[in-house]
Amino acid sequence: VAMGLSAATTAIVARRIGEKDADGAGITAFQAILTGFSISLVLSLAGLIFARPIMRLMGADEAMIHDFGGYAVIMLGSNTVIMLLFVINAVFRSAGDAIIAMKVLFVGNLLNIILDPVLIFGLGPIPAMGIEGAAVATVLGRGIAIVYQLFILLRGSGRVKIVLKHCHLRFDIIGSLLKLSVGGTVQTLVATTSWIVLMRVVSMFGSSALAGYTIALRIIVFVLLPSFGISNAAATLVGQNLGAKQPQRAEKSVWITGNLNLAFLALAGSVLVLFPGYFISFFINDADVIASGSQALRIVSYGFLAYGYGMVLVNSFNGAGDTFTPTKINVISYYLLEIPLAYFLAIYLGMNEQGVFWAIVCSESVMTLLAFYFFRQGKWKLMKV
(Lines give C-alpha, C1' and ligand atoms only; values in the text may rest on other atoms or scores of the structure.)
Protein backbone atom coordinates (compact mmCIF):
# COMPACT_ATOMS: atom_id res chain seq x y z
CA VAL A 1 0.00 0.00 0.00
CA ALA A 2 2.87 2.36 0.85
CA MET A 3 4.47 1.68 -2.52
CA GLY A 4 1.16 2.18 -4.33
CA LEU A 5 0.51 5.52 -2.65
CA SER A 6 4.13 6.50 -3.30
CA ALA A 7 3.67 5.81 -7.01
CA ALA A 8 0.56 8.01 -7.07
CA THR A 9 2.38 10.76 -5.17
CA THR A 10 5.30 10.59 -7.57
CA ALA A 11 3.06 10.89 -10.63
CA ILE A 12 1.15 13.96 -9.40
CA VAL A 13 3.97 15.87 -7.68
CA ALA A 14 6.33 15.31 -10.63
CA ARG A 15 3.66 16.59 -13.01
CA ARG A 16 3.16 19.76 -10.89
CA ILE A 17 6.93 20.31 -10.76
CA GLY A 18 7.13 19.95 -14.54
CA GLU A 19 4.36 22.53 -14.83
CA LYS A 20 6.34 24.82 -12.46
CA ASP A 21 3.38 24.85 -10.05
CA ALA A 22 5.13 25.00 -6.65
CA ASP A 23 1.91 25.54 -4.70
CA GLY A 24 0.27 22.61 -6.45
CA ALA A 25 3.21 20.40 -5.49
CA GLY A 26 3.01 21.53 -1.86
CA ILE A 27 -0.74 20.97 -1.65
CA THR A 28 -0.38 17.51 -3.19
CA ALA A 29 2.40 16.63 -0.75
CA PHE A 30 0.19 17.53 2.22
CA GLN A 31 -2.75 15.52 0.87
CA ALA A 32 -0.45 12.52 0.29
CA ILE A 33 0.90 12.66 3.85
CA LEU A 34 -2.61 12.97 5.29
CA THR A 35 -3.90 10.10 3.16
CA GLY A 36 -0.95 7.86 4.02
CA PHE A 37 -1.30 8.55 7.72
CA SER A 38 -5.02 7.76 7.72
CA ILE A 39 -4.63 4.50 5.78
CA SER A 40 -1.68 3.39 7.90
CA LEU A 41 -3.66 3.65 11.14
CA VAL A 42 -6.10 1.04 9.83
CA LEU A 43 -3.29 -1.23 8.62
CA SER A 44 -1.40 -0.87 11.91
CA LEU A 45 -4.44 -2.02 13.85
CA ALA A 46 -4.84 -5.01 11.54
CA GLY A 47 -1.13 -5.80 11.98
CA LEU A 48 -1.40 -5.78 15.76
CA ILE A 49 -4.36 -8.17 15.67
CA PHE A 50 -3.39 -10.57 12.88
CA ALA A 51 0.44 -10.74 13.00
CA ARG A 52 0.61 -14.15 14.66
CA PRO A 53 -2.24 -15.71 12.61
CA ILE A 54 -0.40 -14.59 9.46
CA MET A 55 2.75 -16.37 10.67
CA ARG A 56 0.68 -19.49 11.33
CA LEU A 57 -0.84 -19.27 7.85
CA MET A 58 2.68 -19.09 6.37
CA GLY A 59 3.62 -22.39 8.01
CA ALA A 60 5.42 -21.22 11.17
CA ASP A 61 5.19 -23.71 14.04
CA GLU A 62 3.89 -22.73 17.47
CA ALA A 63 7.38 -22.53 18.97
CA MET A 64 8.47 -20.05 16.31
CA ILE A 65 5.31 -17.98 16.79
CA HIS A 66 5.80 -17.97 20.57
CA ASP A 67 9.48 -17.01 20.42
CA PHE A 68 9.47 -14.60 17.48
CA GLY A 69 5.87 -13.44 17.05
CA GLY A 70 6.64 -10.23 18.92
CA TYR A 71 8.83 -9.09 16.04
CA ALA A 72 5.95 -9.46 13.58
CA VAL A 73 3.54 -7.66 15.93
CA ILE A 74 5.86 -4.67 16.31
CA MET A 75 6.76 -4.42 12.62
CA LEU A 76 3.22 -4.79 11.30
CA GLY A 77 1.74 -2.70 14.10
CA SER A 78 4.07 0.21 13.34
CA ASN A 79 2.87 0.49 9.75
CA THR A 80 2.57 4.28 10.05
CA VAL A 81 6.33 4.85 10.10
CA ILE A 82 7.04 2.91 6.91
CA MET A 83 4.01 4.42 5.18
CA LEU A 84 5.08 8.00 5.86
CA LEU A 85 8.72 7.25 5.11
CA PHE A 86 7.76 5.94 1.65
CA VAL A 87 5.26 8.70 0.84
CA ILE A 88 7.39 11.66 1.91
CA ASN A 89 10.46 10.29 0.16
CA ALA A 90 8.29 9.94 -2.95
CA VAL A 91 7.62 13.69 -2.68
CA PHE A 92 11.35 14.42 -2.58
CA ARG A 93 12.23 12.05 -5.44
CA SER A 94 9.43 13.25 -7.70
CA ALA A 95 10.61 16.83 -7.22
CA GLY A 96 14.15 15.87 -8.20
CA ASP A 97 15.48 15.93 -4.63
CA ALA A 98 16.77 12.36 -4.62
CA ILE A 99 19.76 13.44 -2.50
CA ILE A 100 17.39 14.49 0.30
CA ALA A 101 15.60 11.13 0.10
CA MET A 102 18.98 9.40 0.32
CA LYS A 103 19.99 11.46 3.37
CA VAL A 104 16.72 10.56 5.09
CA LEU A 105 17.25 6.85 4.51
CA PHE A 106 20.87 7.19 5.60
CA VAL A 107 19.79 8.75 8.90
CA GLY A 108 17.07 6.15 9.48
CA ASN A 109 19.27 3.16 8.67
CA LEU A 110 22.31 4.48 10.56
CA LEU A 111 20.18 4.87 13.68
CA ASN A 112 18.81 1.38 13.08
CA ILE A 113 22.34 -0.05 12.86
CA ILE A 114 23.39 1.74 16.06
CA LEU A 115 20.29 0.78 18.01
CA ASP A 116 20.17 -2.86 16.86
CA PRO A 117 22.96 -4.31 19.05
CA VAL A 118 21.97 -2.06 21.96
CA LEU A 119 18.35 -3.21 22.01
CA ILE A 120 18.95 -6.81 20.92
CA PHE A 121 21.73 -7.62 23.40
CA GLY A 122 21.18 -4.90 25.99
CA LEU A 123 23.58 -2.23 27.22
CA GLY A 124 23.90 -0.95 30.79
CA PRO A 125 20.42 -0.24 32.14
CA ILE A 126 18.83 -1.12 28.79
CA PRO A 127 17.59 -4.73 28.97
CA ALA A 128 18.22 -7.27 26.21
CA MET A 129 15.09 -7.52 24.06
CA GLY A 130 16.24 -10.18 21.64
CA ILE A 131 14.68 -10.19 18.20
CA GLU A 132 11.99 -7.77 19.37
CA GLY A 133 14.80 -5.28 19.97
CA ALA A 134 15.57 -5.42 16.25
CA ALA A 135 11.99 -4.41 15.49
CA VAL A 136 12.03 -1.57 18.01
CA ALA A 137 15.34 -0.32 16.58
CA THR A 138 13.86 -0.28 13.09
CA VAL A 139 10.77 1.62 14.21
CA LEU A 140 12.80 4.18 16.17
CA GLY A 141 15.22 4.71 13.29
CA ARG A 142 12.41 5.20 10.78
CA GLY A 143 10.44 7.39 13.17
CA ILE A 144 13.33 9.81 13.65
CA ALA A 145 13.87 9.80 9.87
CA ILE A 146 10.24 10.93 9.44
CA VAL A 147 10.81 13.83 11.85
CA TYR A 148 13.80 14.80 9.68
CA GLN A 149 11.62 14.59 6.55
CA LEU A 150 8.93 16.85 8.01
CA PHE A 151 11.57 19.35 9.15
CA ILE A 152 12.88 19.62 5.58
CA LEU A 153 9.39 19.99 4.09
CA LEU A 154 8.33 22.67 6.56
CA ARG A 155 11.64 24.55 6.36
CA GLY A 156 11.48 24.49 2.57
CA SER A 157 15.10 23.55 1.90
CA GLY A 158 14.01 21.28 -0.97
CA ARG A 159 12.03 21.92 -4.15
CA VAL A 160 8.73 21.18 -2.38
CA LYS A 161 7.69 23.22 0.64
CA ILE A 162 4.58 22.83 2.76
CA VAL A 163 3.26 26.08 4.24
CA LEU A 164 0.11 26.87 6.21
CA LYS A 165 -1.98 27.71 3.12
CA HIS A 166 -1.34 24.19 1.77
CA CYS A 167 -2.71 22.54 4.94
CA HIS A 168 -6.34 22.09 4.09
CA LEU A 169 -8.36 19.19 2.75
CA ARG A 170 -8.55 18.85 -1.02
CA PHE A 171 -10.82 15.92 -1.68
CA ASP A 172 -10.27 16.19 -5.44
CA ILE A 173 -6.52 15.62 -4.98
CA ILE A 174 -7.09 12.89 -2.38
CA GLY A 175 -9.45 11.23 -4.85
CA SER A 176 -6.82 11.35 -7.58
CA LEU A 177 -4.19 9.95 -5.20
CA LEU A 178 -6.47 7.10 -4.17
CA LYS A 179 -7.47 6.35 -7.77
CA LEU A 180 -3.87 6.17 -8.92
CA SER A 181 -2.73 4.35 -5.79
CA VAL A 182 -5.25 1.55 -6.34
CA GLY A 183 -3.34 0.47 -9.44
CA GLY A 184 0.01 0.97 -7.73
CA THR A 185 -1.14 -0.92 -4.64
CA VAL A 186 -2.57 -3.84 -6.60
CA GLN A 187 0.53 -4.19 -8.78
CA THR A 188 2.74 -4.22 -5.68
CA LEU A 189 0.34 -6.55 -3.87
CA VAL A 190 0.42 -8.96 -6.80
CA ALA A 191 4.22 -8.99 -6.83
CA THR A 192 4.50 -9.26 -3.04
CA THR A 193 1.92 -12.01 -2.60
CA SER A 194 3.52 -14.01 -5.39
CA TRP A 195 6.83 -13.91 -3.52
CA ILE A 196 5.03 -15.01 -0.35
CA VAL A 197 3.43 -17.93 -2.19
CA LEU A 198 6.82 -18.90 -3.60
CA MET A 199 8.26 -18.85 -0.08
CA ARG A 200 5.45 -21.17 1.00
CA VAL A 201 6.35 -23.56 -1.83
CA VAL A 202 10.05 -23.46 -0.92
CA SER A 203 9.19 -24.21 2.73
CA MET A 204 7.87 -27.60 1.57
CA PHE A 205 11.46 -28.68 0.96
CA GLY A 206 12.74 -28.12 4.47
CA SER A 207 14.08 -25.41 6.74
CA SER A 208 17.49 -25.32 5.04
CA ALA A 209 15.93 -24.55 1.67
CA LEU A 210 13.74 -21.86 3.23
CA ALA A 211 16.64 -20.30 5.12
CA GLY A 212 18.84 -20.27 2.04
CA TYR A 213 16.08 -18.73 -0.08
CA THR A 214 15.41 -16.06 2.56
CA ILE A 215 19.08 -15.08 2.80
CA ALA A 216 19.41 -15.04 -0.99
CA LEU A 217 16.40 -12.72 -1.26
CA ARG A 218 17.93 -10.35 1.29
CA ILE A 219 21.12 -10.18 -0.76
CA ILE A 220 19.22 -9.70 -4.02
CA VAL A 221 17.11 -6.87 -2.59
CA PHE A 222 20.28 -5.19 -1.30
CA VAL A 223 21.96 -5.47 -4.70
CA LEU A 224 18.82 -4.12 -6.39
CA LEU A 225 18.68 -0.98 -4.21
CA PRO A 226 20.63 1.15 -6.72
CA SER A 227 18.34 -0.16 -9.46
CA PHE A 228 15.29 0.88 -7.48
CA GLY A 229 16.82 4.35 -7.31
CA ILE A 230 17.50 4.37 -11.04
CA SER A 231 13.97 3.22 -11.90
CA ASN A 232 12.49 5.81 -9.52
CA ALA A 233 14.48 8.41 -11.42
CA ALA A 234 12.80 7.21 -14.62
CA ALA A 235 9.37 7.79 -13.04
CA THR A 236 10.39 11.30 -12.00
CA LEU A 237 11.80 12.15 -15.42
CA VAL A 238 8.66 10.91 -17.17
CA GLY A 239 6.33 12.83 -14.86
CA GLN A 240 8.28 16.09 -15.04
CA ASN A 241 8.74 15.95 -18.83
CA LEU A 242 5.06 15.22 -19.40
CA GLY A 243 4.25 18.15 -17.15
CA ALA A 244 6.56 20.30 -19.27
CA LYS A 245 4.76 19.08 -22.46
CA GLN A 246 7.85 17.16 -23.64
CA PRO A 247 6.65 13.56 -24.26
CA GLN A 248 9.49 12.71 -26.65
CA ARG A 249 12.07 13.79 -24.10
CA ALA A 250 10.21 11.67 -21.54
CA GLU A 251 10.54 8.60 -23.77
CA LYS A 252 14.21 9.27 -24.46
CA SER A 253 14.93 9.55 -20.75
CA VAL A 254 13.41 6.10 -20.20
CA TRP A 255 15.68 4.43 -22.78
CA ILE A 256 18.75 6.12 -21.33
CA THR A 257 17.77 5.10 -17.81
CA GLY A 258 17.03 1.55 -18.93
CA ASN A 259 20.46 1.18 -20.54
CA LEU A 260 22.12 2.47 -17.38
CA ASN A 261 20.21 0.03 -15.20
CA LEU A 262 20.91 -2.83 -17.57
CA ALA A 263 24.65 -2.16 -17.43
CA PHE A 264 24.65 -2.01 -13.63
CA LEU A 265 22.64 -5.21 -13.14
CA ALA A 266 24.69 -7.07 -15.75
CA LEU A 267 27.78 -6.37 -13.65
CA ALA A 268 26.10 -7.10 -10.31
CA GLY A 269 24.45 -10.26 -11.62
CA SER A 270 27.75 -11.59 -12.97
CA VAL A 271 29.34 -11.29 -9.52
CA LEU A 272 26.44 -13.11 -7.84
CA VAL A 273 26.44 -15.86 -10.46
CA LEU A 274 30.18 -16.46 -10.08
CA PHE A 275 30.48 -16.24 -6.28
CA PRO A 276 27.09 -17.01 -4.69
CA GLY A 277 28.47 -19.18 -1.90
CA TYR A 278 30.71 -16.41 -0.61
CA PHE A 279 27.78 -14.06 -0.05
CA ILE A 280 25.53 -16.71 1.55
CA SER A 281 28.29 -17.92 3.91
CA PHE A 282 28.74 -14.35 5.14
CA PHE A 283 25.42 -14.76 6.98
CA ILE A 284 25.46 -18.40 8.08
CA ASN A 285 27.83 -21.32 8.56
CA ASP A 286 25.54 -24.20 7.64
CA ALA A 287 26.52 -26.28 4.62
CA ASP A 288 22.96 -27.18 3.61
CA VAL A 289 21.73 -23.60 3.87
CA ILE A 290 24.76 -22.31 1.95
CA ALA A 291 24.18 -24.85 -0.82
CA SER A 292 20.48 -24.04 -1.18
CA GLY A 293 21.04 -20.29 -0.89
CA SER A 294 23.80 -20.40 -3.49
CA GLN A 295 21.47 -22.11 -5.94
CA ALA A 296 18.81 -19.46 -5.34
CA LEU A 297 21.26 -16.59 -5.68
CA ARG A 298 22.85 -17.91 -8.87
CA ILE A 299 19.64 -18.85 -10.69
CA VAL A 300 17.66 -15.72 -9.79
CA SER A 301 20.63 -13.56 -10.80
CA TYR A 302 20.33 -14.92 -14.35
CA GLY A 303 17.17 -12.83 -14.63
CA PHE A 304 18.91 -9.55 -13.76
CA LEU A 305 19.36 -8.60 -17.41
CA ALA A 306 15.63 -8.75 -18.05
CA TYR A 307 14.74 -7.18 -14.75
CA GLY A 308 17.08 -4.23 -15.39
CA TYR A 309 14.88 -2.95 -18.20
CA GLY A 310 11.59 -4.25 -16.81
CA MET A 311 11.66 -2.29 -13.57
CA VAL A 312 12.50 0.94 -15.41
CA LEU A 313 9.68 0.50 -17.91
CA VAL A 314 7.14 -0.39 -15.20
CA ASN A 315 8.09 2.63 -13.09
CA SER A 316 7.85 4.83 -16.17
CA PHE A 317 4.18 3.92 -16.54
CA ASN A 318 3.65 4.83 -12.89
CA GLY A 319 5.46 8.13 -13.34
CA ALA A 320 3.11 8.98 -16.20
CA GLY A 321 0.09 8.24 -14.00
CA ASP A 322 -0.73 4.98 -15.80
CA THR A 323 -0.83 2.55 -12.88
CA PHE A 324 -3.26 0.16 -14.61
CA THR A 325 -0.84 -1.12 -17.27
CA PRO A 326 1.81 -2.29 -14.75
CA THR A 327 -0.96 -3.95 -12.75
CA LYS A 328 -2.05 -5.88 -15.84
CA ILE A 329 1.56 -6.85 -16.54
CA ASN A 330 2.08 -8.06 -12.96
CA VAL A 331 -1.08 -10.15 -12.93
CA ILE A 332 -0.01 -11.91 -16.13
CA SER A 333 3.63 -12.36 -15.12
CA TYR A 334 3.18 -13.37 -11.50
CA TYR A 335 -0.28 -14.86 -11.00
CA LEU A 336 -0.82 -16.46 -14.41
CA LEU A 337 2.79 -17.53 -15.00
CA GLU A 338 5.15 -17.45 -12.02
CA ILE A 339 3.07 -19.19 -9.35
CA PRO A 340 1.67 -22.01 -11.56
CA LEU A 341 5.08 -22.52 -13.20
CA ALA A 342 6.87 -22.66 -9.84
CA TYR A 343 4.45 -25.28 -8.55
CA PHE A 344 4.66 -27.27 -11.79
CA LEU A 345 8.46 -27.27 -11.92
CA ALA A 346 9.01 -27.82 -8.21
CA ILE A 347 6.32 -30.44 -7.52
CA TYR A 348 5.31 -32.16 -10.76
CA LEU A 349 8.73 -32.17 -12.47
CA GLY A 350 10.55 -32.84 -9.19
CA MET A 351 12.95 -29.90 -9.49
CA ASN A 352 12.27 -28.99 -5.84
CA GLU A 353 13.27 -25.46 -4.83
CA GLN A 354 15.26 -25.02 -8.06
CA GLY A 355 11.98 -25.08 -9.96
CA VAL A 356 10.84 -22.05 -7.94
CA PHE A 357 14.03 -20.16 -8.76
CA TRP A 358 13.73 -20.83 -12.50
CA ALA A 359 10.07 -19.78 -12.43
CA ILE A 360 11.20 -16.39 -11.07
CA VAL A 361 13.60 -15.89 -13.98
CA CYS A 362 10.94 -16.84 -16.54
CA SER A 363 8.28 -14.54 -15.07
CA GLU A 364 10.64 -11.56 -14.82
CA SER A 365 11.63 -12.04 -18.47
CA VAL A 366 7.99 -12.14 -19.57
CA MET A 367 7.26 -9.06 -17.48
CA THR A 368 9.98 -7.13 -19.31
CA LEU A 369 8.72 -8.21 -22.75
CA LEU A 370 5.17 -7.17 -21.90
CA ALA A 371 6.34 -3.83 -20.48
CA PHE A 372 8.35 -3.17 -23.65
CA TYR A 373 5.34 -3.95 -25.84
CA PHE A 374 2.95 -1.64 -23.98
CA PHE A 375 5.54 1.12 -23.61
CA ARG A 376 6.14 1.19 -27.36
CA GLN A 377 2.42 1.73 -27.93
CA GLY A 378 2.83 5.15 -26.29
CA LYS A 379 -0.59 5.46 -24.64
CA TRP A 380 1.12 6.50 -21.39
CA LYS A 381 2.01 9.84 -23.02
CA LEU A 382 -1.67 10.80 -23.04
CA MET A 383 -2.34 10.35 -19.33
CA LYS A 384 -3.71 13.33 -17.39
CA VAL A 385 -3.17 13.69 -13.63
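I will try to describe carefully the structure that is included in this document. The shown structure was predicted, so the numbers you read here are calculated from the model rather than taken from an experiment.

What counts, and where the lines are drawn
Sequence order as written defines the numbering, with residues in each chain counted from 1. Totals for whole chains, interfaces and linings use all residues, but because this is a predicted model, local features are given only for residues with pLDDT of at least 70 and pairs of side-chain atoms are given and counted only at 80 or more. As a rule here, side-chain values come from all non-hydrogen atoms in the structure, and water together with hydrogens is ignored. Strands are runs of DSSP state E lasting at least 2 residues, helices are runs of H or I lasting at least 4, and numbering of each runs from the N terminus. Throughout, the radius of gyration refers to the C-alpha atoms, and the reference size of a globule is 2.2 Å times the residue count to the power 0.38. Burial classes follow relative accessibility: with a 1.4 Å probe on protein chains only, a residue under 20% of its type's maximum area counts as buried, one over 50% as exposed, and anything between as partly exposed. It only takes one pair of heavy atoms within 4.5 Å for two residues to be counted as in contact. Asp and Glu count as negative and Lys and Arg as positive, but His and the ends of the chain are not part of the count. Lys charges are placed at NZ, Arg charges at CZ, Asp charges at CG and Glu charges at CD. Two rings from Phe, Tyr or Trp (for Trp, the six-membered ring) form a pair when their centres sit within 6.5 Å of each other. Planes less than 30 degrees apart are called stacked, planes more than 60 degrees apart edge-to-face, and all others tilted. Multiplying one less than the number of residues by 1.5 Å gives the expected span of a helix. Here the bend at a residue is taken as the angle between two axes, fitted respectively to the seven residues that end there and the seven that start there.

### Observations concerning the overall build of the chain
Right, on to step 1. Counting its regular elements, the chain contains 14 helices and zero strands.
Right, on to step 2. Listing the helices and strands of the chain from first to last along the sequence gives α-α-α-α-α-α-α-α-α-α-α-α-α-α.
Right, on to step 3. Taking 2.2 N^0.38 as the reference for a compact globule, 385 residues should give roughly 21 Å; the C-alpha atoms of the chain span a radius of gyration of 21 Å, in line with that estimate.
Right, on to step 4. Seen along its three principal axes, the alpha-carbon backbone of the chain occupies a region of about 60 × 55 × 35 Å.
Right, on to step 5. Burial status across the chain gives 49% buried among its 385 residues.
Right, on to step 6. Sequence-distant contacts in the chain: of pairs separated by 6 or more residues, those separated by 24 or more amount to 77%.
Right, on to step 7. The centroid of the 25 positive side-chain charges in the chain is displaced by 15 Å from the centroid of its 17 negative side-chain charges.

### Topic: the side chain of Ser181
Right, on to step 1. Relative to the helices and strands, Ser181 resides in helix α7 (residues 171-203).
Right, on to step 2. Once residues within four sequence positions are removed from consideration, Ser181 is found in contact with Gly4, Leu5 and Ala8.

### Quick notes on the side chain of Asn330
Right, on to step 1. Along the chain, Asn330 turns up in helix α13 (residues 324-348).
Right, on to step 2. Judged by relative accessible area, which is 6%, Asn330 ranks as buried.
Right, on to step 3. Discounting chain neighbours no more than four positions away, the residues touching Asn330 are Gln187, Thr188, Val190, Ala191, Tyr335 and Met367.

### Some thoughts on the packing of aromatic side chains
Right, on to step 1. This structure, assessed with the given rule, holds twelve aromatic pairs.
Right, on to step 2. For the ring pair Trp255 and Tyr309, a centre distance of 6.2 Å and an interplane angle of 55° mean the geometry is tilted. A residue pair is termed long-range when its members are at least 10 positions apart, and Trp255 in helix α9 (residues 247-274) and Tyr309 in helix α12 (residues 304-320) qualify at 54 residues.
Right, on to step 3. Residue classification places Trp255 among the buried residues on the basis of a relative accessible area of 19%.
Right, on to step 4. Aromatic pair Phe375 and Trp380: ring centres 4.7 Å apart, planes at 15°, arrangement stacked. Each member of the pair, Phe375 as well as Trp380, is classed as buried.
Right, on to step 5. Members of the aromatic cluster, joined through ring pairs, are Trp255, Tyr309, Phe317, Phe372, Phe375 and Trp380.

### Thoughts on the environment of Arg298
Right, on to step 1. The topology assignment puts Arg298 in helix α11 (residues 287-301).
Right, on to step 2. You can call Arg298 partly exposed: its relative accessible area is 31%.
Right, on to step 3. For the pair Arg298 and Leu225, spaced 73 residues apart in sequence, the C-alpha separation works out to 18 Å.
Right, on to step 4. Beyond its immediate sequence surroundings of up to four residues, Arg298 is in contact with Leu272, Val273 and Pro276.

### Focus on α7
Right, on to step 1. Between its first and last C-alpha, α7 extends 45 Å over 33 residues, near the 48 Å set by a 1.5 Å rise per residue.
Right, on to step 2. The principal kink in α7, of about 30°, is found at Ser181.

### A short note on helix α5 (residues 98-121)
Think of an α-helix as 3.6 residues a turn; residues three or four steps apart then line up on the same face.
Right, on to step 1. With 24 residues, α5 should cover 34 Å at 1.5 Å per step; its first-to-last C-alpha distance of 35 Å lies within 8% of that length.
Right, on to step 2. Buried residues of α5: Ile100, Ala101, Val104, Gly108, Asn112, Val118 and Leu119, and no others.
Right, on to step 3. Turning to α5, the residues buried within the fold contact α4 (79-94) and α6 (131-155).
Right, on to step 4. Within two residues after α5, Gly122 carries a phi angle of roughly 85°, on the positive side.

### Section: unusual backbone geometry
Right, on to step 1. For Lys20, which is not a glycine, the phi torsion comes out positive at approximately 60°.
Right, on to step 2. Phi angles above zero are rare outside glycine, and Lys245 is one such case at about 60°.
Right, on to step 3. For Lys245, the position within the fold is in the loop between α8 (207-243) and α9.

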